[in-house]
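Structure assessment
Residue-level listing of the chains:
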Amino acid sequence: MQSSSAERLQSHVLFALLAIAAGLSFFIFKPFLIPIALAAIFAVALQPIFKLICRKTGTWRGLAALATIVVSAICLLAPLFLVGVLMFGEVERSYVSLTQGPGLANTQQAIVRAGEALNPYIPGSSTLASSAGSDLNRYANQGFSWILAHVGAAFSSILGFVLDLFIFLIGLFVFLKDGPRIRAGILKISPLKDADDEHVLDRLTLTVNSVVRGKLVIAVLQGIAASIGFAIFGIPNPLLWGLMTSIAGLVPGIGTTLVIAPAILYLFFTAPLTATLGLLVWGIAVGLIDNVLGPYLMKRGLEMPQFAILLSVLGGLAFFGPAGVFLGPLTVSLLLALFSLYSAEGKKRPA
């Protein structure tokens, strides 16, 4: 009896010490949780490149991991940096154009013409369009002031960004090099059955591949294609609106139409009919990118409704910041995987 009580006491003490150590460790690692999580996500997404390099390096996994990071940095980070620099220029030019340049007059003209065209079907559209056109300058000033203020705040801490990038690169190297060992360690310390752990990890891997290689890659390709079309057919600031098209590509059902349709209407009221028809055909082709490349890039389905993916991305952005594009869907996918395990265990219990 005393032995049983002593064992229970030891178990409670061990659990208390474990909880204290886990709590302290969480606060120690808390500043670096997002870059570490992103490193794990990209380690999964970059596995095809890593395995390809491993075939050349053999057992030198560290060298393969380093080469994977270098190749990825050249192919991904450099273009992203260039796009960021160009985007600042686009925002500045858009601000000047919509507040004091020819873009203001063209946009006002398009709004007024659209109101006149709709007035026979929707009485009062002409008056509303005239009012909106006259106030466009004020709206543009307010909108761009808000954007510039928040962009400036996002990049205010250069030191913090450099530190997070350093942690991310070190974590990415470790996860690539020691991925199998880390996975085995998770299976060993997890209180769940190994089969359940494998189910959860496989589900998370599928989510990473679907979001990074599927949804986001397709959205980026659609944005690039849209930017080219906007530049060809005369839409002002094509790079900026191409970025908006990439974001709209995450919206289920409608997608890129949210940006391309207003652009077509803009050309309809301000440009020759050939330009309008050209952008219409180009926009259809941009929308078909998802249908053509989606099954190939995503392979198996994510088993998550598109609306849930959209909400997880937007909610992740609101909660985690820019990293929420990846962490949002990953968190929801983990919840669904655990729910499926809980449901399966519940059905096994006797009534």
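For clarity, every value in this text was computed on a predicted model and none was experimentally measured.

Let us look at the packing of helix H11 (residues 238–248) against helix H12 (residues 257–270). The contact between H11 and H12 brings their axes to 8 Å, and the two run at 140°. Between H11 and H12, the angle is such that the two are oblique. Side by side, H11 and H12 meet where Trp-241, Met-244, Thr-245 and Ala-248 of the first sit next to Leu-258, Val-259 and Ile-260 of the second. Of the residues in the contact of H11 with H12, the class split is six nonpolar, one polar and no charged.

Below, the discussion takes up a nonpolar patch on the surface. Together, Leu-9, Val-13, Leu-17, Ile-20, Leu-24, Phe-26, Phe-27, Ile-28, Phe-29, Leu-33 and Ile-36 line one region of the surface with nonpolar side chains, adding up to about 1100 Å² of accessible area. Elements represented by at least two residues in the nonpolar patch include exactly helix H1 (2–29) and helix H2 (33–45). If you tally residues by element for the nonpolar patch, the top one is H1, at nine residues. Of note, Val-13 is situated in helix H1. By relative accessible area, Val-13 is classed as partly exposed at 40%.

So, on to the packing of aromatic side chains. Tallying each qualifying case throughout the model produces four aromatic pairs. Summarising the aromatic geometry, the rings of Phe-42 and Phe-168 are spaced 5.8 Å apart at their centres and angled 90° between planes, so their arrangement reads as edge-to-face. Highlighted residues: Phe-42 in helix H2 and Phe-168 in helix H8 (residues 158–177), separated in sequence by 126 residues. Summarising the aromatic geometry, the rings of Phe-233 and Trp-282 are spaced 6.2 Å apart at their centres and angled 70° between planes, so their arrangement reads as edge-to-face. With Phe-233 in helix H10 (residues 194–233) and Trp-282 in helix H13 (residues 273–298), this pair connects stretches of sequence that are 49 residues apart.

Quick look at the side chain of Ser-227 now. Mapping Ser-227 onto the fold places it in helix H10. Judged by its relative accessible area of 13%, Ser-227 is buried. Within the structure, the side chain of Ser-227 is placed 3.4 Å from the backbone oxygen of Pro-238, a separation counted as a polar contact. Ignoring anything within four residues of it in the chain, the contact list for Ser-227 reads Pro-238, Leu-239 and Gly-242.

Any two side chains of opposite charge can pair if their charged atoms end up close together. Considering all chains together, one arrives at three salt bridges under this definition. The salt bridge involving Lys-177 is made with Asp-178; its shortest N-O contact spans 3.3 Å. Linking Arg-183 and Glu-198 is a salt bridge whose minimum nitrogen-to-oxygen distance equals 2.6 Å. On the criterion of sequence distance, the pair formed by Arg-183 in helix H9 (residues 179–189) and Glu-198 in helix H10 is long-range, its members being 15 residues apart.

Here we take up the environment of Trp-60. On the secondary structure map, Trp-60 appears in the loop between helix H3 (47–57) and helix H4 (61–99). Measuring from C-alpha to C-alpha, the distance between Trp-60 and Lys-177 comes to 9.0 Å, with 117 residues separating the pair along the chain.

Let us now look at the nonpolar core. Counting residues in each nonpolar core, the largest one holds 28 residues, and the members touching the most others are Ile-41, Phe-50, Phe-168, Leu-172, Leu-176 and Phe-326. For this core, the secondary-structure elements that each account for two or more residues are H2, H3, H4, H8, H10 and helix H15 (324–348). Among residues more than four places away in sequence, those in contact with Leu-172 are Ala-39, Phe-42, Ala-43, Leu-46 and Ile-69. One finds Ile-235, Ala-248, Ala-263 and Ile-289 within the second-largest nonpolar core, a separate group that totals 17 residues.

As a further point, take the side chain of Ser-246. Note that Ser-246 resides in helix H11. Taking the relative accessible area as the measure of exposure, Ser-246 reaches 13% and is therefore buried. Not counting residues within four places of it along the chain, the set of residues in contact with Ser-246 comprises Ala-219, Val-220 and Gly-223.

Basis of the calculations
- Residues numbered from 1 in each chain as written.
- Predicted model: local features only at pLDDT ≥ 70, side-chain atom pairs only at ≥ 80, totals over all residues.
- Heavy atoms only, no water.
- Axes fitted to C-alpha atoms, helices over the stretch in contact; angles between N-to-C directions.
- Helix = DSSP H or I, 4+ residues; strand = E, 2+ residues; numbered from the N terminus.
- Parallel < 35°, antiparallel > 145°, perpendicular 65-115°, else oblique.
- Contact = heavy atoms within 4.5 Å.
- Nonpolar A, V, L, I, M, F, W, Y, C, P; charged D, E, K, R; others polar.
- Patch = residues over 30% accessible without salt bridge, like charges linked within 9 Å, V, L, I, M, F, W, Y side chains within 5 Å.
- Areas by Shrake-Rupley, 256 points an atom, 1.4 Å probe, with all protein chains shown as cover.
- Salt bridge = Lys/Arg side-chain N within 4 Å of Asp/Glu carboxyl O.
- Buried < 20%, exposed > 50% of the residue type's maximum accessible area, 1.4 Å probe, protein only.
- Phe/Tyr/Trp six-rings, centres within 6.5 Å; stacked < 30°, edge-to-face > 60°.
- Polar contact = N/O pair within 3.5 Å; in protein donor to acceptor, adjacent residues only side chain to side chain.
- Core = buried A, V, L, I, M, F, W, Y, C linked by side-chain atoms within 4.5 Å.

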